[in-house]
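# Overview (structure and organization)
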Amino acid sequence: MKYVVKEASESELKEIYELAGENRLEATNDHSIDNQMKMLVEYEHARKYNAYFLCLKEESTLIGWILIDRATDYLTGRQVGWISDLYVKKTHRNRGFANLLIEEAFHEFKNQGFSDVRLNVYAHNVKAIKLYEKIGFKDVSKFMKIEI
C-alpha cells in the first residue's frame, strides 16, 4: 500500500471538519452536543495564525491528520512547535499511522527551525499518553483543575 502525507486540500479539510465532533469527544471525554462546533472554532482560530493540517492518505482514503501549529512558552517566552490535534480514524488504528504523522510533523517543525515540540493530552486519554511517551515525549507540567 502506498501512503502519502501532504498538506490538506479543501476536500480533505471538509472531511476533517466533519469528524471534528467525534475527535473532540475522544480527546476531551466531553459529551457536549456542540463538540463539532467547538472543535471547528479551534481549528479556524489556529488556521488564522498559520497552523495547517497534514493528512495521511491511502489513495483517495483519508486515514488521519495532524495539526501543525506553534505556541509561546509562557514562562520562557520561547516559540515552540505545537501539535494542536492528532487523529487517526478508528478503522485505521493500531497500525503505526499516528507515529507516521508525528514523524512527519517533526520534519515540518525542524524545517521551521524548532527544536522543541509540545502538545497537550487529557489525563483520561491513556492510549494517547502511552503513544506519546513511547515516541519520547516527557511530562513537563501538570494542568490541574478543581470544580467548585
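The structure under discussion appears in the preceding block.
Residues numbered from 1 in each chain as written. Predicted model: local features only at pLDDT ≥ 70, side-chain atom pairs only at ≥ 80, totals over all residues. Heavy atoms only, no water.

## Things to note about the overall build of the protein chain
- Across its full length, the protein chain holds 5 helices and 5 strands.
- Each of the three principal axes of the protein chain carries a C-alpha extent, and together these read 45 × 40 × 30 Å.
- Counting across all 148 residues of the protein chain, residues that qualify as buried make up 39%.
- Taking as baseline every contact in the protein chain between residues at least 6 positions apart, the subset at least 24 positions apart corresponds to 59%.
- Carbon and sulfur atoms make up 53% of the accessible area of the protein chain, which totals about 10000 Å².
- Charged side chains of the protein chain number 22 positive and 23 negative; the gap between the two group centres comes to 3 Å. (Helix = DSSP H or I, 4+ residues; strand = E, 2+ residues; numbered from the N terminus. Buried < 20%, exposed > 50% of the residue type's maximum accessible area, 1.4 Å probe, protein only. Contact = heavy atoms within 4.5 Å. Areas by Shrake-Rupley, 256 points an atom, 1.4 Å probe, with all protein chains shown as cover. Lys, Arg positive; Asp, Glu negative; His and termini not counted. Charge placed at Lys NZ, Arg CZ, Asp CG, Glu CD.)

## Concerning the sheet that holds strand S4 (residues 79-88)
- Pairing in this open sheet of 5 strands is mixed, and the strands run S1-S2-S3-S4-S5 from one edge to the other. Whereas interior strands pair on both sides, the edge strands pair on one side only; in this sheet they are strand S1 (3-7) and strand S5 (117-119). Pairs of neighbouring strands in the sheet enclose a mean axial angle of 30 degrees, with direction left out of account.
- Two elements, strand S3 (residues 61-72) and S4, share 9 bridges in a ladder whose sense is antiparallel. Within S4, the residue paired with Ile 66 across the bridge is Leu 86.
- Each of S1, strand S2 (52-58) and S3 touches helix H1 (residues 10-18); the most contacted strand, S2, lies at about 95 degrees to it. (Pairing = 2+ DSSP bridges. Axes fitted to C-alpha atoms, helices over the stretch in contact; angles between N-to-C directions.)

## Section: the nonpolar core
- In terms of nonpolar packing, the biggest core is built from 22 residues, with Ile 66, Leu 86 and Tyr 132 touching the most fellow members.
- Those elements giving two or more residues to this core turn out to be S2, S3, S4, helix H4 (97-111), S5 and helix H5 (126-135).
- Top contributing element to this core by residue count: H4, with 6 residues.
- Excluding anything up to four places from it in sequence, Leu 86 contacts Asn 23, Trp 65, Ile 66, Ala 98, Leu 101, Ile 102, Leu 131 and Tyr 132.
- Core analysis: the second largest hydrophobic core is formed by 17 residues, Ala 20, Tyr 43, Ala 46 and Tyr 87 among them. (Core = buried A, V, L, I, M, F, W, Y, C linked by side-chain atoms within 4.5 Å.)

## Let's talk about helix H3 (residues 35-48)
- With 14 residues, H3 ought to run about 20 Å at 1.5 Å a step, and its terminal C-alpha atoms sit 20 Å apart, in line with that.
- Here H3 has its buried residues at Asn 35, Met 39, Leu 40, Tyr 43 and Ala 46. Down the axis of H3, the sector holding all buried residues measures 130 degrees, keeping them to one side. Projecting away from the buried face of H3 at angles above 90 degrees are the exposed residues Met 37 and Lys 48. (Expected span 1.5 Å × (residues − 1). Arc of directions from axis to C-beta.)

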